[in-house]
Amino acid sequence: MKMQYLSVLLLMSLLPVANLQASQADHVTATHAWIRLLPANLPASGYVMLQNMGTSTAVLVSAHSTTYASVMLHESTTGSGGMSSMNAVGKLAIPAQGKAELAPAGYHLMLEHASHMIKAGDTVGITLDFADGSQLPVQFLVRPANAADPN
Ligand SMILES: [Cu+2]
C-alpha cells in the first residue's frame, strides 16, 4: 500500500518533466523583482534582473498578471534634449549565458488597472511570457514611490 502511494507520487513528479521540452523559461532566473508604486492612479513600474543560464537566447515578449489588467513592456529613453520618454517594446532578448535588466531609466513593465488597492510591502505575481510560449511566474515586492533601486 505504501509502495503504491510512493510510486504514484513519483509518477506525478516525473510526468510534467516528460511532457515538456526544455523551454526558454526553464533557463531564465529572475531576481531583485520589485514594483515602484506611484500615488493616485499613476501606472506602477516593475523591475527585475533576468539571467539566462541556457545555451540559446531567451526572448521575453510580454507579461501578464491577475493583479494588473494591463502589463506592458516599455523602454525609457532620454532624448538629446534631456527629455525622458517611453516606448512600447515588442521583445527583449536575454542572450545565452547573459542577462537583461529591467531597471529605472531603462526597460520596465508598465503596470496599470490594478484589481485592488496595492500598497508597499505587498507581493504581486507577474508571469513573464517567452517567445516559445513558455512562462516564468515571478513574485514582485512592492516598494513606495521614493524607494531607491535595491540592486
Ligand atoms: Cu512605461
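Scroll up to find the structure.
Treat the numbers as computed from the prediction; the structure is a model and nothing was measured. (Residues numbered from 1 in each chain as written. Predicted model: local features only at pLDDT ≥ 70, side-chain atom pairs only at ≥ 80, totals over all residues. Heavy atoms only, no water.)

Novice: Sorry if this is basic, but what is going on with the layout of surface pockets here?
Specialist: One simple way to see leftover space: roll a probe sized like a water molecule over the atoms. What the largest pocket holds in volume is close to 290 Å³. If you go around the largest pocket, you meet 15 residues; those closest to its centre are Ala 40, Asn 41, Leu 42, Tyr 68 and Ala 114. When the residues that make up the lining of the largest pocket are grouped by side-chain class, the tally is 11 nonpolar, 3 polar and 1 charged. (1 Å grid on protein atoms, 1.4 Å probe; cavity = no way out; pocket = protein on both sides within 12 Å on 5 of 7 lines; lining within 4 Å. Points joined across faces, edges and corners; volume = space filled by probe spheres on them. Nonpolar A, V, L, I, M, F, W, Y, C, P; charged D, E, K, R; others polar.)

Novice: Where do I start with the packing of aromatic side chains in this structure?
Specialist: The description of an aromatic ring pair uses the distance of the two centres, along with the angle that the planes make with each other. Scanning the model with the defined rule gives 1 aromatic pair in all. When the ring of Trp 34 is compared with that of Tyr 47, the centres are 4.9 Å apart and the planes differ by 45 degrees; the resulting orientation is tilted. Here Tyr 47 lies in strand β2 (residues 44-52) and Trp 34 lies in strand β1 (residues 28-36), a separation of 13 residues in the sequence. Taking the relative accessible area as the measure of exposure, Trp 34 reaches 1% and is therefore buried. Among the residues examined, Tyr 47 registers a relative accessible area of 6% and is labelled buried. (Phe/Tyr/Trp six-rings, centres within 6.5 Å; stacked < 30°, edge-to-face > 60°. Helix = DSSP H or I, 4+ residues; strand = E, 2+ residues; numbered from the N terminus. Buried < 20%, exposed > 50% of the residue type's maximum accessible area, 1.4 Å probe, protein only.)

Novice: Mind showing me how you'd approach the side chain of Asn 52 here?
Specialist: Structurally, Asn 52 is set in strand β2. Within the structure, Asn 52 has its side chain in polar contact with the backbone oxygen of Ile 94 (distance 3.0 Å). (Polar contact = N/O pair within 3.5 Å; in protein donor to acceptor, adjacent residues only side chain to side chain.)

Novice: What am I meant to see in unusual backbone geometry here?
Specialist: Most peptide bonds take the trans configuration, and most residues that are not glycine carry a negative phi. Positive phi is not limited to glycine here, since Gln 97 has a value of about 60 degrees. Secondary-structure assignment places Gln 97 in the loop between β6 (92-94) and β7 (99-102). On the accessibility criterion, Gln 97 (59% relative accessible area) is exposed. Within the chain, Ala 105 stands out as a residue other than glycine whose phi angle is a positive 75 degrees. Looking at the element boundaries, Ala 105 is found in the loop between β7 and β8 (107-114). With relative accessibility at 69%, the residue Ala 105 sits in the exposed group.

Novice: Explanation requested: the pattern of salt bridges in the structure shown.
Specialist: Where side chains of opposite charge bring their charged atoms close, a pairing between them can arise. The final tally for this structure, using the stated rule, is 1 salt bridge. Its salt-bridge partner being Asp 122, residue Lys 119 comes within 3.2 Å of it at the nearest N-O pair. (Salt bridge = Lys/Arg side-chain N within 4 Å of Asp/Glu carboxyl O.)

Novice: What exactly am I supposed to notice about the coordination of the copper ion here?
Specialist: Perfect tetrahedral coordination of a metal by four donors corresponds to 109.5 degrees between them, and perfect octahedral coordination by six donors corresponds to 90 or 180 degrees. Protein coordination at the copper ion comes from His 74 (ND1), Met 86 (SD), His 108 (NE2) and Met 110 (SD), with a distance range of 2.1 to 2.2 Å. If you look at the copper ion, its 4 donor atoms make angles of 91 to 130 degrees with each other, and the shape they trace is tetrahedral. Given the relative accessible area of 3%, His 108 is considered buried. (Donors = N, O, S within 2.8 Å, 3.2 Å for Na, K, Ca; no water. Tetrahedral: all angles 85-135°; square planar, octahedral: opposite > 155°, others 65-115°.)

So, to be careful, I would describe these as geometric facts and stop short of saying anything about function.
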